Amino acid sequence: MDFSLSEEQLMIRDAARDFAQTELLPGVIERDEKQEFPKDQVKKMGELGFMGMMIDPKYGGSGLDTVSYVLAMEEISKIDASASVVMSVNNSLVCYGLQAFGSEDQKQKYLTKLASGQALGAFCLSEPEAGSDATSQKTTAIDKGDHYILNGTKNWITNGGSADYYLVIAQTHPEKKHKGINAFIIEKGWEGFEIGPKENKLGIRGSDTHSLQFNDVKVPKENRIGEDGFGFKFAMKTLSGGRIGIASQALGIASGAYELALEYSKQRKSFGTEICNHQAIAFKLADMATHIEAARHLCLKAAWEKDNKKNYDLSSAMAKLYASQVAMDVTVEAVQIHGGNGFVKEYHVERMMRDAKITQIYEGTSEIQKIVISRGILNK
């Protein structure tokens, strides 16, 4: 069993680390306070190839493996989880979904722009009554022959206001339940498509989260992804890969907070010595480092399985479940190690603690991951 990284993978990791330090760290606190979307930074991420990392170069992507993607996501998330979730959605959900299941025309028209960073994508599944329960789609797409008429509401959509293209899940044949669901590519600016106000969130405040309204939106038949009724399978297969991205984001938040706490513990003194010399703090750091390393291995295992075309549903759910819990636990401890300074914005860890919570919620709550895992181990 070889745990070493290739020279290319190390290069990608180091490039992401350098970008995060030089481009994301300056202004990250201000962007959080102002809920400011990192537009310039996302553009540069596209120019560096971080927005379509696993996409074939013939479609504008970087042609890298999923392990490289995990490494880059961790480094970006250490500094700015708002930027990393933009990267995650565009890579894991939108670009992957189009490359794996889109038609050649759809790839040429949409994927090339998304993977190269010329355009930004959003994945639209959640609704007021259909968050984790993806089968209960109230958004409808009525078949009118050469087009569909789309009506409904989508909630909590990352990149909701900044995206150019939207992958929208909707119900076409209610009598068929989940087998009647379809997935469509919608363009910003189409008549009847309205973007609601930006959500005022606890964490990842720089990311662009909106509700979307579709009022008799005319969708060309060629913008349906896959065969009629493929939408639910499309969503589930895409979300499985998305969990690797979110697990990597959680890993990055945790490792970033740990690194700050470790450094602070070596500088802060109490009772005549650096606080890292006190067993109470040293033991916290030991636990944090161990849990982070375990989460990292789960993320890399899921990525390796995906790269080797194995079934990664179980491993990605485990990685997402565990890494998100580690992110929450480690950031809380990082605030505690900082003491009163941990409550102050300039030390970053309070923002990381707020950002960590969402990793337990999106791409399916922790309870949903346990359902996926239990079904896997019980062979259901």
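Read on for an overview of the structure. (Residues numbered from 1 in each chain as written. Predicted model: local features only at pLDDT ≥ 70, side-chain atom pairs only at ≥ 80, totals over all residues. Heavy atoms only, no water.)

## Thoughts on the pattern of salt bridges
Move 1: Under the definition given, this model contains 16 salt bridges.
Move 2: Across the salt bridge formed by Arg-13 and Asp-14, the nearest N and O atoms sit 3.2 Å from each other.
Move 3: Classification of Arg-13 by relative accessible area gives partly exposed; the value is 23%.
Move 4: The exposure class assigned to Asp-14 is partly exposed, which follows from its relative accessible area of 37%.
Move 5: Through salt bridges with shared partners, a single ionic network connects Arg-17, Glu-75, Lys-78 and Glu-259. (Salt bridge = Lys/Arg side-chain N within 4 Å of Asp/Glu carboxyl O. Buried < 20%, exposed > 50% of the residue type's maximum accessible area, 1.4 Å probe, protein only.)

## Comments concerning the pairing of strand E7 (residues 209–220)
Sheet faces and side chains relate simply in a regular strand, where the side chains alternate between the two faces.
Move 1: Note that strand E3 (residues 147–158) and E7 share 9 bridges and pair antiparallel. Paired with Tyr-148 across the two strands is Val-219, which belongs to E7.
Move 2: Where strand E6 (residues 193–198) lies against E7, 4 bridges are found, and the strand directions are antiparallel. Looking across to E7, one finds that Lys-198 is bridged to His-210. (Pairing = 2+ DSSP bridges. Helix = DSSP H or I, 4+ residues; strand = E, 2+ residues; numbered from the N terminus.)

## Quick notes on unusual backbone geometry
Move 1: Positive phi, normally seen in glycine, also occurs at Lys-177, with a value near 55°.
Move 2: Looking at the element boundaries, Lys-177 is found in the loop between strand E4 (165–171) and strand E5 (181–187).
Move 3: Positive phi outside glycine occurs at Ile-204, with the angle close to 35°.

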